[in-house]
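A structural walkthrough
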Amino acid sequence: MSYVRACALSALQEDVPKKVELNGVPVAVVRTDEGVFAINDTCSHANVSLSEGEVEDCMIECWLHGSSFDLRTGKPSGLPATRPVAVYPVKIEGDDVLVSVNQEN
Ligand code: FES
C-alpha cells in the first residue's frame, strides 16, 4: 500500500475538514478527537464537496441535503444518500499526514 503526504498534522484544526487532491483523487482530511481520517471529498448523492460541510462526532455532513457520513466507515447515517463514500487509510509520521488512496474500498 503506498502512502502520499496529504498535509501537515499541525495544519489541521480539530473538526475542520481540509480538502486535498492525492493522485487525482479529491480527499477531505479531518482531525477529530478519535484521530485523523481521510474520506473521499465527493458526496455519494450528488457532486458536492464534503469538506465544505460540518464535522461533529466523527461524522461529516453534506451541506446540500444533510446526509452525514461516518469518517471511520464512509457510511451515510440517513437519506438522501444511500451509498457509502470511500475512506482511506491514514498514517501519521512526525508532522506528516500520509494517506493511501490506492486501495479499493
Ligand atoms: S448532495 Fe450530498 S446529500 Fe445530496
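What you are looking at is a predicted structure, and each value in this text was computed from that prediction instead of being measured.

1. Quick look at the overall build of the protein chain
Within the protein chain one finds 0 helices and 10 strands. Order of helices (α) and strands (β) in the protein chain, N terminus to C terminus: β-β-β-β-β-β-β-β-β-β. Expected size for 105 residues packed as a compact globule is a radius of gyration near 13 Å; at 13 Å, the protein chain falls within 12% of this value. When the backbone C-alpha atoms are referred to their principal axes, the protein chain occupies close to 40 × 25 × 20 Å.

2. Re the UniProt feature "domain: Rieske" (unreviewed entry) in the protein chain
Here, UniProt's "domain: Rieske" (unreviewed entry) annotation points to residues 4-99. Secondary structure content for residues 4-99 is 0% helix and 44% strand, while the C-alpha to C-alpha distance between its ends is 5 Å.

3. Description of the sheet that holds strand β4 (residues 35-40)
A sheet is described by the order of its strands in space; here 4 strands give the open sequence β2-β3-β4-β8, paired in antiparallel fashion. Of all strands in the sheet, those with a lone pairing partner are β2 (18-22) and β8 (87-88), marking the two edges. Both β4 and β8 contribute to a ladder of 2 bridges, which runs antiparallel. If you follow Ala38 over to β8, its bridge partner there is Tyr88.

4. Focus: unusual backbone geometry
A cis amide bond links Leu79 with the next residue in sequence, Pro80, at an omega value of 10°. You can see Pro80 is positioned in the loop between β7 (68-70) and β8. A positive phi is found at Asn23, a non-glycine position, where the angle reads about 50°. Secondary-structure assignment places Asn23 in the loop between β2 and β3 (25-32). Although it is not a glycine, Asp57 sits at a positive phi angle of roughly 50°. Tracing the chain through its elements places Asp57 in the loop between β5 (55-56) and β6 (59-61). Judged by local crowding, Asp57 falls into the exposed class, with 11 C-beta atoms found within 10 Å.

5. Side note on the environment of Thr73
With respect to the helices, strands and loops of the structure, Thr73 is situated in the loop between β7 and β8. Once you skip the residues sitting within four places of it in the chain, Thr73 turns out to touch Pro84 and Val87.

6. Topic: the environment of Leu71
Note on placement: Leu71 falls in the loop between β7 and β8. Distance from Leu71 to Ala28, taken between C-alpha atoms, is 9.7 Å for residues 43 residues apart in sequence. Residues in contact with Leu71, not counting those within four places in the same chain, are Val30, Thr32, Phe37, Ile39, Cys58, Met59 and Ile60.

Rules of the game
Residues numbered from 1 in each chain as written. Predicted model: local features only at pLDDT ≥ 70, side-chain atom pairs only at ≥ 80, totals over all residues. Helix = DSSP H or I, 4+ residues; strand = E, 2+ residues; numbered from the N terminus. Rg over C-alpha atoms; globule rule 2.2 N^0.38 Å. UniProt positions renumbered as here; feature names shortened; annotations may be inferred. Pairing = 2+ DSSP bridges. Buried ≥ 20, exposed ≤ 12 C-beta atoms within 10 Å, placed from the backbone. Contact = placed C-beta atoms within 7 Å.

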